[in-house]
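One-letter residues, chain by chain:
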Amino acid sequence: MGFARTCSVALVGVEGVVVEVQADLEPGVATFALVGLPDKSLVESRDRVRAAVVNSDAEWPQKKLTVGLSPAFVPKGGSGFDLAVACAVLGAAERIDPRAIADLVLIGELGLDGRARPVRGVLPAVLAAAEAGYRQVVVPEQTAGEASLVPGVSVLGVRSLRQLIAVLNDEPVPEEEPDGEGRPDAMLAGLLVPGAGVGTGLAPGAAAGDGQNQWPDLADVAGQHAARTALEVAAAGAHHLLLQGPPGAGKTMLAERLPGLLPPLTRQESLEVTAVHSVAGILPPGEPLVRTAPYCAPHHSATMQSLVGGGQGLPRPGAVSLAHRGVLFLDEAPEFSAKALDALRQPLESGHVIVARSAGVVRLPARFLMVLAANPCPCGRHTLNGAGCECPSSAIRRYQARLSGPLLDRVDLRVEVDPVSRSDLLGQGGRGETSETVADRVREARARAAARLEGTPWSVNSEVPGHELRTRWQAAPGVLAAAERDMERGLLTARGMDRVLRVAWTIADLAGHDCPAVDDVALALQLRTGIARGAPTVVGAAP
């Protein structure tokens, strides 16, 4: 009897579980049984692995073969177990030393010719292996850069099973012939879901670089001084934003320029975002690490499952997870289904989504900055004088009620985007500040907030609980008088009061104040309620 074992990783959402792959050979009729709760794609690995072993000049054992995946209660799917199954079988057949693979984690698909093909989710899989104490990982060559992002792990990238057998046996490593120059690399097909980048609305080419020159410039927006201020405050404190105005006023232009104001991701944030994008199959080949904030803009016909996550079997990341640490832009927000919009309430508060299905419960990260864009009525001309809006009042009320009160209560900033005037459009008033100028102020404001919040679990003002703001970082006496009056009149809820205080701290950080002043609170109330308070609408910029 021959026995060997090695390890691979099963992905549950964006988290990995180390799986021990065991192979047992016994005398009897030549059969191949795969046990341990595999799905259809994993059951098919029996034929792939057999063909790959034979075409790699290795002998397939003509005995009763049983391959077990432990723990058996964890659902397992995908083709990423092929390398581990092949090595376990060869170890049981003594083609390779079973001790050489006992402490290895192998992740990758095998082609029928024995080539190692890349799979999605390598980064979260290697992170799970590192947390479990494994220090040696074998992956296909195309994903070696992604696996190397995990510190403390030795990564071996191989092109074929033949090369891996040679490395494990200390034999000369054979050279694999590369594809013809100029031909498309079919091996990269395992990394990208067809059409995923277009379907998610993710901006192309935003995975690497400093991000400042990859987004449209804020200076291209004509006028809209109040909306630009709200955009700056949203970027500095990660506050959610509602842009409401007639068609053609520039709501989408403003939202598309928000990612260019956000600072680059930290190392930990980059790993989180890269892990989600790797599992979703939208990580560009050759760019293993996402360094800039993602921007996701799903169409208004998106279902609730596509927004928060779902699918057959174990749930897959939705738009809120693809926008993790970035911007989720919902254009024509009232056109989204009410069920889909209300499903955003939980992630807006908690920063994650817990999706329960019959196959299991998955926790997906979803800490994003939400931007909603909405017209004032079905025709969009309700707020325009003399524009001829013919929508009945009942239709206007129904249209505006599609954004529910509990959802809007979680939005910190609400701005009326007015139509652009002729002088602004023709540039007679001069161009506004560039994205680079505003981004510098945003970085300085975030640095002030980070210094104040050092030693706490929070890094931006929008994450700080209201209780902490009222007790640990108290405002000066009398500063919150206007907000307290609004709360007594029913214009603000308790949650709204906390959010006004958070926005006031962000405005104070932009202005360089040690704590919120009366004007900072007035501007925060103005941005929250839409009611003019006489506060200046420019923060941080020189007068």
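As the structure is a computational prediction, the values presented were derived from the model and not from experiment.

## A look at unusual backbone geometry
Backbone torsion omega between serine 70 and proline 71 reads 10 degrees, so that peptide bond is classified as cis. With respect to the secondary-structure elements, proline 71 resides in the loop between strand 4 (64-70) and helix 3 (82-92). Of note, leucine 37 is a non-glycine position whose phi angle comes to about 65 degrees, a positive value. Note on placement: leucine 37 falls in the loop between strand 3 (31-35) and helix 1 (40-43). A positive phi angle is found at arginine 325, which is not glycine, with a value near 65 degrees. Residue position: arginine 325 is located in the loop between helix 13 (319-322) and strand 12 (327-330).

## Focus: the packing of helix 9 (residues 225-237) against helix 19 (residues 435-452)
Viewed as axis vectors pointing N to C, helix 9 and helix 19 meet at an angle of 40 degrees, and their least axial separation amounts to 8 Å. If you check the angle between helix 9 and helix 19, you find them oblique. Every pair of crossing elements has a handedness; the one defined by helix 9 and helix 19 is right-handed. Here Glu232, Ala235 and Ala236 of helix 9 come into contact with helix 19, specifically with Val438, Arg441, Val442, Ala445 and Arg446. Residue composition of the contact of helix 9 with helix 19, grouped by class: 5 nonpolar, no polar and 3 charged.

## So, the environment of threonine 66
Following the sequence through the fold, threonine 66 ends up in strand 4. Along the backbone, threonine 66 and phenylalanine 32 are 34 residues apart, and their C-alpha atoms lie at a distance of 5.9 Å.

## Digging into the confidence of the model for the chain
Averaged over every residue, the pLDDT of the chain is 87; residues scoring 70 or more account for 90%. Ignoring residues within four places in sequence, the model shows residues 203-213, a span with pLDDT below 50, making 26 contacts including any to other chains.

## Describing the pairing of strand 1 (residues 2-12)
Counting buried positions over the 11 residues of strand 1 gives 8, a clear majority of the element. Summarising the sheet, strand 1 and strand 2 (residues 15-26) pair through 11 bridges and their orientation is antiparallel. Each residue of the ladder has a partner; that of leucine 11, found in strand 2, is glycine 16. With antiparallel pairing between neighbouring strands as the criterion, strand 1 and strand 2 make up a hairpin whose turn holds 2 residues, including glycine 13 at a positive phi of roughly 70 degrees.

Rules used throughout
Residues numbered from 1 in each chain as written. Predicted model: local features only at pLDDT ≥ 70, side-chain atom pairs only at ≥ 80, totals over all residues. Heavy atoms only, no water. Helix = DSSP H or I, 4+ residues; strand = E, 2+ residues; numbered from the N terminus. Axes fitted to C-alpha atoms, helices over the stretch in contact; angles between N-to-C directions. Parallel < 35°, antiparallel > 145°, perpendicular 65-115°, else oblique. Left-handed = near helix turned anticlockwise from the far one by under 90°. Contact = heavy atoms within 4.5 Å. Nonpolar A, V, L, I, M, F, W, Y, C, P; charged D, E, K, R; others polar. pLDDT = per-residue confidence, 0-100. Buried < 20%, exposed > 50% of the residue type's maximum accessible area, 1.4 Å probe, protein only. Pairing = 2+ DSSP bridges.

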